[in-house]
Protein chains: 2
Amino acid sequence: MGSQVGGEALVRARVLIRPKEGILDPQGQAVERALPALGFQGVSHVHVGRMVELDVEDASQLDQMCEQLLSNPLIEDYEIVESA
Amino acid sequence: MGSQVGGEALVRARVLIRPKEGILDPQGQAVERALPALGFQGVSHVHVGRMVELDVEDASQLDQMCEQLLSNPLIEDYEIVESA
């Protein structure tokens, strides 16, 4: 799905950010408690994180963007998914 | 990556939620403005959304969970990604 703009190939990337193992996830807990109340059974291990979608010219910069702005490396893990 | 618990196959699912086309995305705009200030050039079309990860026994309920709790269908689109 890459597109060409002025000779530069744009990479569509998706960054998934979630709380690290062991870090409190109050949003996830709230969802996990709310689902049974709405009649949905058998749901567990709910975690709520963020997703950032962006077009980049240089995909090798993505790691640094995550470290410096998109995630908080102290308490969050990130995963980069590129779609060509 | 499905696991068996008491004979029930658990499905690990990931729900990606993003603002609909045309809905204001102030977080995305903030990231798009901040990246060049940090020295990252050539970044565009930044959108910030949410990600919910969860284990479910019955994956067919996921759509309804998204409609009722996980997303706001008026202003957000969602995408369900299952990992077996």
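For the structure itself, look to the data block above.
Please read all numbers here as calculations on a predicted model, not as lab measurements.

Novice: Got a minute to help me understand unusual backbone geometry in this structure?
Specialist: Apart from glycine, the bulk of residues carry a negative phi angle, and the bulk of peptide bonds sit in the trans form. A positive phi angle is found at His45(A), which is not glycine, with a value near 50 degrees. Relative to the helices and strands, His45(A) is located in strand β3 (residues 43-56).

Novice: Teacher, can you tell me more about the pattern of salt bridges here?
Specialist: When charged atoms on two side chains of opposite charge get close, those side chains can pair. Within this structure, the stated rule accounts for 14 salt bridges over all chains. Of the charged contacts, one joins Asp55(A) and Arg12(A) as a salt bridge, the two residues approaching to 3.0 Å between their closest N and O atoms. Highlighted residues: Asp55(A) in strand β3 and Arg12(A) in strand β2 (residues 8-19), separated in sequence by 43 residues. Where Arg18(A) meets Glu53(B), a salt bridge forms, and the shortest distance between an N and an O atom there is 2.8 Å. Placement of Arg18(A) in strand β2 and of Glu53(B) in strand β3 (residues 43-56) is noted, with the two residues assigned to different chains.

Novice: Quick question: what am I supposed to make of the packing of helix α1 (residues 26-37) of chain A against helix α2 (residues 62-70) of chain B here?
Specialist: Pairs of packed helices are described in terms of their axes, by the angle between the two and the distance that separates them. α2(B) packs onto α1(A) with a crossing angle of 110 degrees between their chain directions and a minimal axis gap of 11 Å. Here α2(B) runs roughly perpendicular to α1(A), going by the angle between their axes. By crossing handedness, the relation of α1(A) to α2(B) is classed as right-handed. On the side of α1(A), the interface is formed by Val31(A), Ala34(A) and Leu35(A), while α2(B) contributes Met65(B), Leu69(B) and Leu70(B). Tallied by class, the residues present in the contact of α1(A) with α2(B) amount to six nonpolar, no polar and no charged.

Cut-offs applied
- Residues numbered from 1 in each chain as written.
- Chains lettered and ligands numbered in written order.
- Predicted model: local features only at pLDDT ≥ 70, side-chain atom pairs only at ≥ 80, totals over all residues.
- Heavy atoms only, no water.
- Helix = DSSP H or I, 4+ residues; strand = E, 2+ residues; numbered from the N terminus.
- Salt bridge = Lys/Arg side-chain N within 4 Å of Asp/Glu carboxyl O.
- Axes fitted to C-alpha atoms, helices over the stretch in contact; angles between N-to-C directions.
- Parallel < 35°, antiparallel > 145°, perpendicular 65-115°, else oblique.
- Left-handed = near helix turned anticlockwise from the far one by under 90°.
- Contact = heavy atoms within 4.5 Å.
- Nonpolar A, V, L, I, M, F, W, Y, C, P; charged D, E, K, R; others polar.

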